[in-house]
Amino acid sequence: MRIGILGTGTLAAALGEGWSRAGHEVVIGGRSRVKAEKLAERLGHGVLALAPREAVSGRDAVLLAVSWDGVEDMLGLAGASDGALEGTPLIDPTNAVAHGVGVLLTEHGEPMARRIAGLAPGAHVVKAFHLFPAGRWTGAVGGVPSSVTVAMCGDDSAALRVVGELVRDVGGTPAILGALDRVRQLEEVAGFVIGLAFAGFDPNSAVPRVP
Ligand SMILES: NC(=O)c1ccc[n+]([C@@H]2O[C@H](COP(=O)([O-])OP(=O)(O)OC[C@H]3O[C@@H](n4cnc5c(N)ncnc54)[C@H](OP(=O)(O)O)[C@@H]3O)[C@@H](O)[C@H]2O)c1
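Residues numbered from 1 in each chain as written. Predicted model: local features only at pLDDT ≥ 70, side-chain atom pairs only at ≥ 80, totals over all residues. Heavy atoms only, no water.

(A) Geometry of the overall build of the chain. When helices and strands are tallied, the chain shows seven helices and eight strands. Taken against the 2.2 N^0.38 rule, which gives 17 Å for 211 residues, the C-alpha radius of gyration of the chain at 16 Å falls within 12% of a compact globule. Overall size of the chain, expressed as C-alpha extent along the three principal axes, is 45 × 40 × 30 Å. Residues classed as buried in the chain amount to 47% of the 211 residues present. Counting only contacts in the chain whose residues sit at least 6 apart along the sequence, the fraction spanning at least 24 positions is 69%. For the chain, the accessible surface area stands at approximately 10100 Å², while carbon and sulfur atoms represent 52% of it. (Helix = DSSP H or I, 4+ residues; strand = E, 2+ residues; numbered from the N terminus. Rg over C-alpha atoms; globule rule 2.2 N^0.38 Å. Buried < 20%, exposed > 50% of the residue type's maximum accessible area, 1.4 Å probe, protein only. Contact = heavy atoms within 4.5 Å. Areas by Shrake-Rupley, 256 points an atom, 1.4 Å probe, with all protein chains shown as cover.)

Have a look at this one:
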């Protein structure tokens, strides 16, 4: 697939590595051209740095790997309000969560995925990849059996299929929780998971195993 990654930080690097190693064509768009070029060079595998607008053009999927409060700026740079992402699966991994206490930071608890959908008209937003530390996605390529379930929400079944494939390609198992009307629940789980991790507990141990 042709994948555009917006952002040049930890998650962009991890999924950029995982997907390019899995054979996808990856381009990186950052607000800093220098950081995008450095990351592309580090990743190798033919990964290119482009301006954000070019990085989203003609892609099979786009990952919005920026801080929650940088989403609006980055989507602006990508031309989202002009329809640059129309029809494109847009992966939202953002966590607008206060680390340590788990409180959602968006006003009135507005889900980030809904905010992103509003900022990118016509994009098929899929919430995914927000619950695991980035490092999880760099070690599983090469047929290592999956051990993590990636819960996702989205309204478009074709986009969910595309993102599901990208989850599998980095060693995860996609699990569709529901449409975007359930995404708030999925975003609040991040507060729970991060809160337990900060308190020194393994979040896995707090989720019942249903036979
Ligand atoms: N790291 C993880 O383990 C992990 C796991 C799950 C989900 N996430 C989520 O994934 C997203 C990215 O996380 P990360 O760890 O990769 O963060 P990070 O390493 O801090 O990188 C943040 C990225 O956002 C960009 N950015 C920040 N403000 C911006 C703005 N106003 N306009 C344009 N770009 C802006 C930064 O650009 P500059 O470098 O130019 O500042 C950088 O490329 C976050 O929403 C995070 O909650 C992260």
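The rest of the description comes next.
(B) Focus on the site of the ligand. Of all residues adjacent to the ligand, which total 22 residues, the nearest are Leu11, Arg31, Lys35, Val66 and Ala134. In the environment of the ligand, an oxygen atom lies 2.8 Å from a nitrogen or oxygen atom belonging to the backbone of Thr8. At 2.9 Å, a side-chain N or O of Asp73 approaches a nitrogen atom of the ligand. Within the complex, the protein chains bury 76% of what would otherwise be the 910 Å² of accessible surface of the ligand. Those elements that provide at least two residues to the shell around the ligand are α1 (10–21) and α4 (71–77). Here the shell around the ligand is composed, by residue class, of 10 nonpolar, nine polar and three charged. (Near = heavy atom within 4 Å. Polar contact = N/O pair within 3.5 Å; in protein donor to acceptor, adjacent residues only side chain to side chain. Nonpolar A, V, L, I, M, F, W, Y, C, P; charged D, E, K, R; others polar.)

(C) Structural view of the pattern of salt bridges. Counted according to the given criterion, the structure contains eight salt bridges. For Arg2, the salt bridge goes to Asp60, with nearest N and O atoms at 2.9 Å. A residue pair is termed long-range when its members are at least 10 positions apart, and Arg2 in strand β1 (residues 2–6) and Asp60 in the loop between α3 (52–56) and β4 (61–64) qualify at 58 residues. Among the ionic pairs, Glu37 bridges to Arg33, the shortest N-O distance being 3.1 Å. Of the two residues, Glu37 and Arg33 are both situated in helix α2 (residues 33–43); the distance of four residues between them amounts to about one turn of the helix. Look at Glu37 and you get partly exposed, because its relative accessible area is 41%. When salt bridges that share partners are traced, they join Asp92, Lys127 and Glu187 into one network. (Salt bridge = Lys/Arg side-chain N within 4 Å of Asp/Glu carboxyl O.)

(D) View of the packing of aromatic side chains. What the rule picks out here adds up to three aromatic pairs. Here the aromatic rings of Trp19 and Phe129 are separated by 5.7 Å at their centres, their planes lie at 80°, and the arrangement is edge-to-face. Of this pair, Trp19 sits in helix α1 while Phe129 sits in the loop between β6 (124–127) and β7 (148–154), and the two are 110 residues apart along the sequence. Comparing Trp19 with Phe129 shows no difference in burial state: the two are buried. Note on Phe132 and Trp137: the rings are 5.7 Å apart at their centroids and 80° apart in plane angle, and the pair reads as edge-to-face. Judged by its relative accessible area of 0%, Trp137 falls in the buried class. These aromatic residues form a ring-pair network of at least three members: Trp19, Phe129, Phe132 and Trp137. (Phe/Tyr/Trp six-rings, centres within 6.5 Å; stacked < 30°, edge-to-face > 60°.)

(E) Just α2, in detail. For α2, the set of buried residues is Ala36, Leu39, Ala40 and Leu43. Down the axis of α2, the buried side of the element spans an arc of 100°, and every buried residue falls inside it. Residues of α2 that are exposed and angled more than 90 degrees away from the buried face: Val34, Lys38, Glu41 and Arg42. Where α2 is buried, its residues touch α1, β2 (25–29) and β3 (48–49). (Arc of directions from axis to C-beta.)

(F) Structural view of the sheet that holds β2. The strand order across the open sheet formed by eight strands is β3-β2-β1-β4-β5-β6-β7-β8, and the pairing between neighbours is mixed. In this open sheet, the two strands that pair with only one neighbour each are β3 and β8 (172–178). Both strand β5 (residues 89–92) and β6 contribute to a ladder of four bridges, which runs parallel. The residue bridging Leu90 from the neighbouring strand is Val125, located in β6. (Pairing = 2+ DSSP bridges.)

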